[in-house]
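Coordinates in review
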2 protein chains.
Amino acid sequence: MNVTIEEAVERLKASGIRMTAQRELILDYLYARLSHPSAEELYEAIYADYPRVVSITTIYKNMRVLRDLGLLKEFYVRQTGIARYDTNVLPHHHLYCVRCGRVTDYTGALPLPSIEVSPGFQAHSIFLEVTGTCKACAVLQRPERGIAI
Amino acid sequence: MNVTIEEAVERLKASGIRMTAQRELILDYLYARLSHPSAEELYEAIYADYPRVVSITTIYKNMRVLRDLGLLKEFYVRQTGIARYDTNVLPHHHLYCVRCGRVTDYTGALPLPSIEVSPGFQAHSIFLEVTGTCKACAVLQRPERGIAI
């Protein structure tokens, strides 16, 4: 389930965290405009519209606060060491486009395998990362990035 | 398929890369002794047996060479931003223990879902990360690390 910007604002206020213009801007881009951004992408998107209003350090600080409050999940695509932020905090799977690097959620029903995958290993959850080419990249014939394994 | 230490040595020599005592030590721990180590874990394992012989910088440099030659894959567990090295270079899945942080391969047959998961998304591959508790940690009742999401 995606956390909404309203829920995030409520939760921050309830935790005694002051709403500033900077914080509101970050929440707006994170919860209402972007999908699975990295801190750098979030920074660049805000900078394009509001130059010199929010610093990358402020972005990182806010991501830590939001993560600690359970309002987002930090995750890594298998092939990259760049932290991305997911506002969908319930278990779900990811589609990863190797051309544009975009991550989208996959929440539909999948015939998941049995979780008794290895003797003695007690499985708690299964996460699936489907790597491929998104519709937009296929149409635009964008080249593949060099990071896919 | 796991790359063997013999194959790695052959390939490095064929690429004109000189075999040094340091490099041999790294290859031995990486291909014959450890499983999915991070650079730090590889460093610590070697240091415990051969203090001050190999530096962490040397480890990182060698990992880059081996990766560029296709002799290992660098990957990230979904919950952590720490690069790990996989000597199994063919597609396979991972079991991740949230207690000891150990990663093990799962290569057995799984009833994988259809890869037509989203309209317009052309899937190339599916990767599965099963999170849980390994046998050793269950027996020893090790506590969970704070990094699982």
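Our subject is the structure that appears above.
Overview of the structure. Here the structure is a predicted model, which is why all the values come from computation and not from measurement.

Thresholds applied
Residues numbered from 1 in each chain as written. Chains lettered and ligands numbered in written order. Predicted model: local features only at pLDDT ≥ 70, side-chain atom pairs only at ≥ 80, totals over all residues. Heavy atoms only, no water. Core = buried A, V, L, I, M, F, W, Y, C linked by side-chain atoms within 4.5 Å. Buried < 20%, exposed > 50% of the residue type's maximum accessible area, 1.4 Å probe, protein only. Helix = DSSP H or I, 4+ residues; strand = E, 2+ residues; numbered from the N terminus. Contact = heavy atoms within 4.5 Å. Salt bridge = Lys/Arg side-chain N within 4 Å of Asp/Glu carboxyl O. Phe/Tyr/Trp six-rings, centres within 6.5 Å; stacked < 30°, edge-to-face > 60°. Lys NZ or Arg CZ within 6 Å of the ring centre and 35° of its normal. Least-squares fit on C-alpha atoms with pLDDT ≥ 70 in both.

Within soluble globular proteins, side chains that are nonpolar tend to cluster in buried spots. Counting residues in each nonpolar core, the largest one holds 50 residues, and the members touching the most others are Tyr31, Met63 and Leu66 of chain A together with Tyr31, Met63 and Leu66 of chain B. Elements represented by at least two residues in this core include exactly α1 (5-14), α2 (21-33), α3 (39-49) and α4 (56-68) of chain A together with α1 (5-14), α2 (21-33), α3 (39-49) and α4 (56-68) of chain B. Contacts of Leu66 of chain B, omitting those with residues within four sequence positions, involve Leu12, Leu27, Leu30, Tyr31, Leu71 and Leu72 of chain B. The next biggest cluster of nonpolar side chains, apart from the first, holds 22 residues, and it includes Phe121 and Leu128 of chain A together with Tyr106 and Cys137 of chain B.

This paragraph deals with the pattern of salt bridges. Scanning the entire structure with this criterion turns up eight salt bridges over all chains. Between Asp28 of chain B and Arg33 of chain B there is a salt bridge whose closest N-O contact spans 2.9 Å. Given the relative accessible area of 22%, Asp28 of chain B is considered partly exposed. The salt bridge involving Arg67 of chain B is made with Glu74 of chain B; its shortest N-O contact spans 3.0 Å. Put simply, Arg67, Asp68 and Glu74 of chain A are held in one network by salt bridges that share partners.

Attention shifts here to the packing of aromatic side chains. Across all of its chains, the model carries three aromatic pairs over all chains by this definition. Pairing Tyr43 of chain A with Tyr47 of chain A gives two aromatic rings, centres 5.7 Å apart and planes at 45 degrees, and the pair type is tilted. Of this pair, Tyr43 of chain A and Tyr47 of chain A both sit in helix α3, four residues apart, which is roughly one turn of the helix. For Tyr43 of chain A, a relative accessible area of 21% corresponds to the partly exposed category. In this structure, Arg78 of chain A is placed above the aromatic ring of Phe127 of chain B, and the distance from its NZ or CZ to the ring centre is 4.2 Å. Sitting above the plane of the Tyr29 of chain B ring, Arg33 of chain B keeps its charged end 4.8 Å from the centroid.

Bringing the relation of the copies chain A and chain B into the picture now. Once chain A is rotated about the relating axis by 180 degrees and shifted along it by 0.0 Å, it coincides with chain B to within an RMSD of 0.0 Å. Here the copies are linked by what is in effect a two-fold axis. If distances are taken from each C-alpha of chain A to the rotation axis, the shortest is found for Leu128 of chain A, at 2.3 Å. When you check the interface residues of chain A against chain B, 97% turn up at the interface there too, and the contact is symmetric in its surfaces.

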